[in-house]
Amino acid sequence: MEPFLAEIRAFPFTFAPSGWALCNGQLLPISQNTALFSLLGVTYGGDGKSTFGLPNLQGAAPLMPGQGNGLSAYDLGQSGGSENVTLLPTEMPIHIHFQMADTLDPADLNAPNPSRTLAQSQGVFAYQPSTANLVQMAPQALTPAGGSLPHSNMMPSLVMNFCIALQGVFPQRP
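Residues numbered from 1 in each chain as written. Predicted model: local features only at pLDDT ≥ 70, side-chain atom pairs only at ≥ 80, totals over all residues. Heavy atoms only, no water.

Within an unreviewed UniProt entry, the label attached to the protein reads Microcystin-dependent protein, and the organism entered is Deinococcus humi.

Written as structure tokens, this is what we have:
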């Protein structure tokens, strides 16, 4: 079955088949691809006088244009997102950091309880009912965490070649 002109398909091999081109954002001459240009225009790049661009799906997931219920609006050809993100304190959900404390007294209980504190270990015992002689544990836990370093934002993925048909049946509007 002949593809539609400008149809995009995923291929599991390392090359674009004859009559197809990789969706890697390359510029093509309008003079040699007038029908394809009439479908794509400069949506994906080019100057519109002598060149136009193919979609670039390298490192990107395809997304349909429009706005779903409760979602952001997207236009055809718009790109966005980021492989890495640095969260700012204003973007973190409200939460509480509890301070851990222990006592220098010897432990004489082996089960945690809201009214017990960690104590100096005595074999299998780790807790003490007293709150006397408390020592703050890990005081650095209250300092900012994260170090302002980005973390990966990529969803699980499988890499394949996406190709666009340079030849085929011109799609008719309904």
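> Can you break down the pairing of strand β7 (residues 117-122) residue by residue, with the values?
Every other side chain in a regular strand lies on the same face of the sheet, so the side chains alternate between the two faces. Across 2 bridges, the pairing between strand β6 (residues 101-106) and β7 is parallel. By the bridge assignment, Pro106 is partnered in β7 with Gln120. The pairing of β7 with strand β8 (residues 125-128) spans 3 bridges and is classified as antiparallel. If you follow Gln122 over to β8, its bridge partner there is Phe125. (Pairing = 2+ DSSP bridges. Helix = DSSP H or I, 4+ residues; strand = E, 2+ residues; numbered from the N terminus.)

> Provide a residue-level description of the sheet that holds β7, including the pertinent values.
Reading across from one edge, β8-β7-β6-β9 is the order of the 4 strands in this open sheet, with mixed pairing throughout. In this open sheet, the two strands that pair with only one neighbour each are β8 and β9 (134-136). Put simply, the sheet's adjacent strands are angled 40 degrees from each other on average, direction ignored. (Axes fitted to C-alpha atoms, helices over the stretch in contact; angles between N-to-C directions.)

> Can you explain the pattern of salt bridges? Please cite residues and give values.
A side chain with one charge can pair with a side chain of the opposite charge if their charged atoms come near. Using the criterion set out here, one finds 1 salt bridge in the structure. The salt bridge partner of Arg9 is Glu7, with a shortest N-O separation of 2.7 Å. Judged by relative accessible area, Glu7 falls into the partly exposed class, the value being 23%. (Salt bridge = Lys/Arg side-chain N within 4 Å of Asp/Glu carboxyl O. Buried < 20%, exposed > 50% of the residue type's maximum accessible area, 1.4 Å probe, protein only.)

> Which residues make up the sheet that holds strand β1 (residues 8-11), and what values do they have?
The strand order across the open sheet formed by 3 strands is β1-β11-β2, and the pairing between neighbours is antiparallel. Bordering the open sheet on either side are β1 and β2 (20-22), each of which pairs with just one other strand. Between one strand and the next, the sheet's axes are offset by a mean angle of 40 degrees, whatever the strand orientation. Two strands pair when backbone bridges link them, and β2 and strand β11 (residues 161-165) are joined in this way by 3 bridges, in the antiparallel orientation. Considered in β11, the bridge of Leu22 is made with Cys163.

> Go over the state of the cysteines with me, naming the residues and quoting the values.
In protein chemistry, a disulfide is the covalent bond that joins the sulfur atoms of two cysteines. By the definition in use, this model includes 0 disulfides. This cysteine, Cys23, is not joined by any disulfide, and Cys163 carries the nearest cysteine sulfur, 6.5 Å off. (Disulfide = S-S within 2.5 Å.)

> Describe the packing of aromatic side chains, naming the residues involved and giving the relevant values.
With the rule as written, the count across this model stands at 4 aromatic pairs. Taking 5.3 Å as the distance between ring centres and 40 degrees as the angle between the ring planes, the aromatic pair formed by Phe11 and Phe13 counts as tilted. Assessed through its relative accessible area of 12%, Phe11 is described here as buried. Centre to centre, the rings of Phe11 and Trp20 are 5.2 Å apart; their planes meet at 80 degrees, and the pair counts as edge-to-face. Pair check on accessibility: Phe11 and Trp20 agree, each one buried. Taken together through their ring pairs, the aromatic side chains of Phe11, Phe13, Phe15 and Trp20 make up a single cluster. (Phe/Tyr/Trp six-rings, centres within 6.5 Å; stacked < 30°, edge-to-face > 60°.)

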